[in-house]
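Geometric and topological summary
The residues making up each chain are set out below.
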Amino acid sequence: MTDANTLVLDEDTALELLAYLVTAARTQVDEAAEYGPLRLLTAARRLGAAIAPRASAGTAAFAAGPLDAVPELAVPREGREQYVARLDDLCRALAAHLTAHFGDRAAQ
Amino acid sequence: MTADERGAAVLAAIRSRRVVRAMTAEPVARADLEAVLDAARWAPTAGNRHLQRFVATDDPATLRVLRMVSPGMVQRPAAVVAICTDRPRAAAYGFPPDAPGLHVDVAPPRPPSCSPRTRSGSAPGRSRRSAGPRWRLCCGCPRGGCRSWSSASGTRRPPARRRWPRGG
């Protein structure tokens, strides 16, 4: 069980993610627009994998479940509707986890 | 080996080339890295200018930093060859600083002399204006079972042929 003060990310890993996001912003300027969601989801997957070992069971389950199930290289090219539907599913799974996570906090 | 067999071998190498985006942590032998670098020396360049410089590393800390500033580097390679542009040499040939012809657009294939288990992937460079690496060739052993549906690479297939319109 973790609380709001539990640290789940060390500085090196946080810096790694920061560097990824900044440089991804730069490459995205010259990349095809369809790579935008791919880059963001890559960052989300890396963050999820990094925090899972020290996060709450619910957060770890979300990271190892719906988030990790997102294919690493999926882009909204062919089958765009299916891509959007899967992203919507991911957002719903995230919403359910947030509701449970912060609902538990409010109840404490 | 006959000329036909050599031709077939080249075509087979072209058709079987692929980008590997999931690699094991198995180290890349120095001999394999040197084979990659030696193969790169034989690559043709416009005007035989050879403006590219190669920096190979298998240092874990360097690889980690390279990966964090290379958004296209999905894999965790055991070694990387950074392909750089020799800016002073390019300038000496009269290329302007932002000449697009200086950029490396393709990752070289695995040389035949390389271990069959060692494959390559690629990751794009950051900025067209910087003097840093233009491209990074990721080296390592492919990990099986990687997912590929609906992906940026997906199942490899040749691009559709385009024909020039016939003149009258």
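Notes on the structure follow. (Residues numbered from 1 in each chain as written. Chains lettered and ligands numbered in written order. Predicted model: local features only at pLDDT ≥ 70, side-chain atom pairs only at ≥ 80, totals over all residues. Heavy atoms only, no water.)

Comments concerning the overall build of chain B
Scanning chain B from N- to C-terminus turns up four helices and four strands. Along its sequence from the N terminus, chain B presents helices and strands in the succession α-α-β-α-β-α-β-β. When the 168 residues of chain B are sorted by exposure, 36% land in the buried category. Intrachain contacts of chain B at a sequence separation of at least 6 include 69% that bridge at least 24 residues. With an accessible surface of roughly 10900 Å², chain B has 56% of that area assigned to carbon and sulfur atoms. (Helix = DSSP H or I, 4+ residues; strand = E, 2+ residues; numbered from the N terminus. Buried < 20%, exposed > 50% of the residue type's maximum accessible area, 1.4 Å probe, protein only. Contact = heavy atoms within 4.5 Å. Areas by Shrake-Rupley, 256 points an atom, 1.4 Å probe, with all protein chains shown as cover.)

Structural notes on the overall build of chain A
On a plain count of helices and strands, chain A comes out with four helices and zero strands. The secondary structure elements of chain A, listed N-terminal to C-terminal, are α-α-α-α. Sequence-distant contacts in chain A: of pairs separated by 6 or more residues, those separated by 24 or more amount to 67%. Approximately 6400 Å² of chain A is accessible, and the part contributed by carbon and sulfur atoms is 62%.

Quick word on the side chain of A:T23
Residue and element names in this part refer to chain A. Summarising the element assignment, T23 is placed in helix α1 (residues 11-30). Of note is the side chain of T23, whose polar atom sits 2.7 Å from the backbone oxygen of A19. In this structure the side chain of T23 is engaged in a polar contact, spanning 3.2 Å, whose partner is the backbone oxygen of Y20. (Polar contact = N/O pair within 3.5 Å; in protein donor to acceptor, adjacent residues only side chain to side chain.)

Brief notes about the pattern of salt bridges
Residue and element names in this part refer to chain A. If you walk through the whole model with that rule in mind, you get 11 salt bridges over all chains. Residue R39 is joined to E31 by a salt bridge in which the shortest nitrogen-to-oxygen separation is 2.4 Å. With relative accessibility at 6%, the residue R39 sits in the buried group. Of the charged contacts, one joins R77 and E34 as a salt bridge, the two residues approaching to 2.5 Å between their closest N and O atoms. Within this pair, whereas R77 is found in the loop between α3 (57-67) and α4 (80-107), its partner E34 is found in the loop between α1 and α2 (35-51), the two being separated by 43 residues in sequence. Of the residues examined, R77 reaches a relative accessible area of 41% and is grouped as partly exposed. Judged by relative accessible area, which is 18%, E34 ranks as buried. (Salt bridge = Lys/Arg side-chain N within 4 Å of Asp/Glu carboxyl O.)

Focus: the packing of α1(A) against α2(A)
All names here are of chain A. Two numbers describe how α1 lies on α2: the axes approach to 10 Å, and their chain directions differ by 180°. On the basis of their axis angle, the class for α1 and α2 is roughly antiparallel. From α1, T13, L17, Y20, L21, A24 and Q28 reach across to α2, where they touch Y35, G36, R39, T42, A43, R46, L47 and A50. Within the contact of α1 with α2, the residues separate by chemical class into eight nonpolar, four polar and two charged. (Axes fitted to C-alpha atoms, helices over the stretch in contact; angles between N-to-C directions. Parallel < 35°, antiparallel > 145°, perpendicular 65-115°, else oblique. Nonpolar A, V, L, I, M, F, W, Y, C, P; charged D, E, K, R; others polar.)

Observations concerning α2(A)
The end-to-end C-alpha separation of α2(A) is 24 Å, in line with the 24 Å expected for 17 residues at 1.5 Å each. Among the residues of α2(A), those classed as buried are A:G36, A:L38, A:R39, A:L41, A:T42, A:A43, A:R45, A:R46, A:G48, A:A50 and A:I51. (Expected span 1.5 Å × (residues − 1).)

Digging into the pairing of strand β2 (residues 79-85) of chain B
Residues and elements named next belong to chain B. Judged by how many residues are buried, β2 sits mostly within the fold: seven of seven residues are covered. Burial along β2 is two-sided: the face carrying A79, V81, I83 and T85 and the face carrying V80, A82 and C84 are both buried. Where strand β1 (residues 52-57) meets β2, six bridges bridge the pair, whose relative direction is antiparallel. Opposite V55, over in β2, you have A82 as the bridge partner. (Pairing = 2+ DSSP bridges.)

Considering the environment of B:H50
Residue and element names in this part refer to chain B. Its place among the elements puts H50 in the loop between α2 (30-41) and β1. A sequence separation of 39 residues divides H50 from R89, and the C-alpha atoms of the two residues are 9.1 Å apart. Setting aside its immediate chain neighbours within four residues, H50 contacts R41, A43, T45 and R89. A distance of 2.8 Å separates a polar atom in the side chain of H50 from a polar atom in the side chain of N48.

Concerning the side chain of B:Q75
Residues and elements named next belong to chain B. Structurally, the position occupied by Q75 is in the loop between α3 (60-68) and β2. Judged by relative accessible area, Q75 falls into the buried class, the value being 1%. Within the structure, Q75 has its side chain in polar contact with the backbone oxygen of V20 (distance 2.8 Å).

In short, shape yes, function no, at least from these values alone.
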